[in-house]
Amino acid sequence: KPLTKLLVLAKREKVKSDLRRNQQLLTERIWKKLLQNYQQNESPIKVSDLVQEFGSPNDSKVSAWPKSIDVHVHVHHILLAGKKATTDKSNLKYD
């Protein structure tokens, strides 16, 4: 029984670690796309453009990450973190 609990905890930590890594990669891809768009003086990117480019369909049978909803929520968190950073200069930590 203790070994089972340990294996479950290890698996949970691996899943959390993989998610953090994938979220970081998604953040980098989003910022790269935004900077590229800005440098080429293109029209502003809409959230829906990012969702379409980086997300797979929510109803997809494939368990690929990120789904469209994941990208939408991730962009929302990036925007909230940016807003918090601009209003609270003393705390520039992004969670």
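Now for a look at the structure at hand.

Criteria and cut-off values
- Residues numbered from 1 in each chain as written.
- Predicted model: local features only at pLDDT ≥ 70, side-chain atom pairs only at ≥ 80, totals over all residues.
- Heavy atoms only, no water.
- Helix = DSSP H or I, 4+ residues; strand = E, 2+ residues; numbered from the N terminus.
- Buried < 20%, exposed > 50% of the residue type's maximum accessible area, 1.4 Å probe, protein only.
- Contact = heavy atoms within 4.5 Å.
- Areas by Shrake-Rupley, 256 points an atom, 1.4 Å probe, with all protein chains shown as cover.
- Axes fitted to C-alpha atoms, helices over the stretch in contact; angles between N-to-C directions.
- Parallel < 35°, antiparallel > 145°, perpendicular 65-115°, else oblique.
- Left-handed = near helix turned anticlockwise from the far one by under 90°.
- Nonpolar A, V, L, I, M, F, W, Y, C, P; charged D, E, K, R; others polar.
- Expected span 1.5 Å × (residues − 1).
- Core = buried A, V, L, I, M, F, W, Y, C linked by side-chain atoms within 4.5 Å.

1. Remarks on the overall build of the protein
- Assigned secondary structure in the protein consists of 3 helices and 0 strands.
- In the protein, the succession of α and β elements from N to C terminus is α-α-α.
- Looking at the 95 residues of the protein, the share that counts as buried comes to 19%.
- Taking all contacts inside the protein whose residues are at least 6 apart in sequence as the whole, residues at least 24 apart take part in 37%.
- Within the structure as shown, the protein displays about 7,900 Å² of accessible surface, and the carbon and sulfur contribution to it stands at 59%.

2. Description of the packing of helix α1 (residues 2-39) against helix α2 (residues 47-54)
- At a minimum axis distance of 11 Å, the contact between α1 and α2 shows a crossing angle of 125 degrees. Considering the angle they form, α1 stands oblique to α2. Read as a crossing pair, α1 and α2 show a hand that is right-handed. Residues Leu26, Arg29, Ile30 and Lys33 of α1 touch α2, and the partners they reach there are Leu50, Glu53 and Phe54.
- For the contact of α1 with α2, a count of residues per class yields 4 nonpolar, no polar and 3 charged.

3. Considering α1
- Here α1 contains 38 residues, and its C-alpha end-to-end distance of 55 Å stays within 8% of the 56 Å for a straight helix at 1.5 Å per residue.
- Three or more residues of α1 are buried, namely Leu26, Thr27, Ile30 and Asn37.

4. Observations concerning the nonpolar core
- Counting residues in hydrophobic clusters, the biggest one holds 8 residues: Leu26, Ile30, Leu50, Val51, Phe54, Val71, Val75 and Ile78.
- Those residues in contact with Ile30, other than ones at most four positions away along the chain, are Leu50, Phe54, His74, Val75 and Ile78.

5. Examining unusual backbone geometry
- The omega angle of the peptide bond from Trp65 to Pro66 is 5 degrees, so this bond is cis rather than trans.
- Tracing the backbone through its elements, the reader meets Pro66 in the loop between α2 and α3 (68-87).
- Of note in the backbone geometry, Asn41 takes a positive phi value of approximately 50 degrees without being a glycine.
- The residue Asn41 is located in the loop between α1 and α2 in this model.
- Residue classification places Asn41 among the exposed residues on the basis of a relative accessible area of 68%.

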